[in-house]
Amino acid sequence: MSSENSNCCELCAANDWRVVRSRVRDYLTDEFFTIHRCNACGLCVTQPLVGDDRIERYYPPRYRTDRQKYTAGFRVRRRSAQAAGNFKRGFIGRLLDVGCGGGTFAVEMKRRSWNVAVTEINSSVLDELRRRGIEAKRPDEAMAAINQGIALG
């Protein structure tokens, strides 16, 4: 739901929501959220919506650890194959990875010749992905570009 008009879907602008899960606890902050689904397009969002000015608190240094280093390569290969497997062999698509984490999936899809753009709140990840030729923006920058009619990726 848009922060400017809390009833409109960011994706399709519809105003038709249903609650799909209540009292979802964030394990880092112990805050509770509700997940709403747009009945028109299926987009799910958390409420209350957390703005860019507060999002960092949900990703403290302890979140960004080596907790997934043993399975990361396997997960990236599997996820990339799954994404590509939805299309005809040789298909080259466009991908927007929202909240790309460390960017490994985006890097792999770019290696597969896809046109890739990402959003992320970690500035060092954004800098590294830009260095690798991937369009990388903070979420607020990406939304501003989209609202101006500028396509990402």
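Basis of the calculations
Residues numbered from 1 in each chain as written. Predicted model: local features only at pLDDT ≥ 70, side-chain atom pairs only at ≥ 80, totals over all residues. Heavy atoms only, no water. Pairing = 2+ DSSP bridges. Helix = DSSP H or I, 4+ residues; strand = E, 2+ residues; numbered from the N terminus. Axes fitted to C-alpha atoms, helices over the stretch in contact; angles between N-to-C directions. Contact = heavy atoms within 4.5 Å.

## Description of the sheet that holds strand S5 (residues 115-119)
In spatial order, the strands read S4-S5-S6; together these 3 strands make up an open sheet with parallel pairing. Looking at which strands have only one partner, the edges of the open sheet turn out to be strand S4 (94-98) and strand S6 (135-137). Averaged over all pairs of adjacent strands, the angle between strand axes in this sheet comes to 15°, irrespective of strand direction. Note that S5 and S6 share 3 bridges and pair parallel. By the bridge assignment for S6, threonine 119 is matched with lysine 137. Packing against the sheet, helix H3 (residues 123-131) makes contact with S5 and S6, and its axis sits at approximately 165° to S6.

## What about the pairing of strand S1 (residues 17-25)?
Within a regular strand, side chains alternate between the sheet's two faces. Both S1 and strand S2 (residues 32-38) contribute to a ladder of 6 bridges, which runs antiparallel. In the strand pairing of S2, arginine 21 is matched with isoleucine 35. Hairpin connection from S1 to S2: 6 residues lie between these consecutive antiparallel strands, with aspartate 30 at a positive phi of about 65°.

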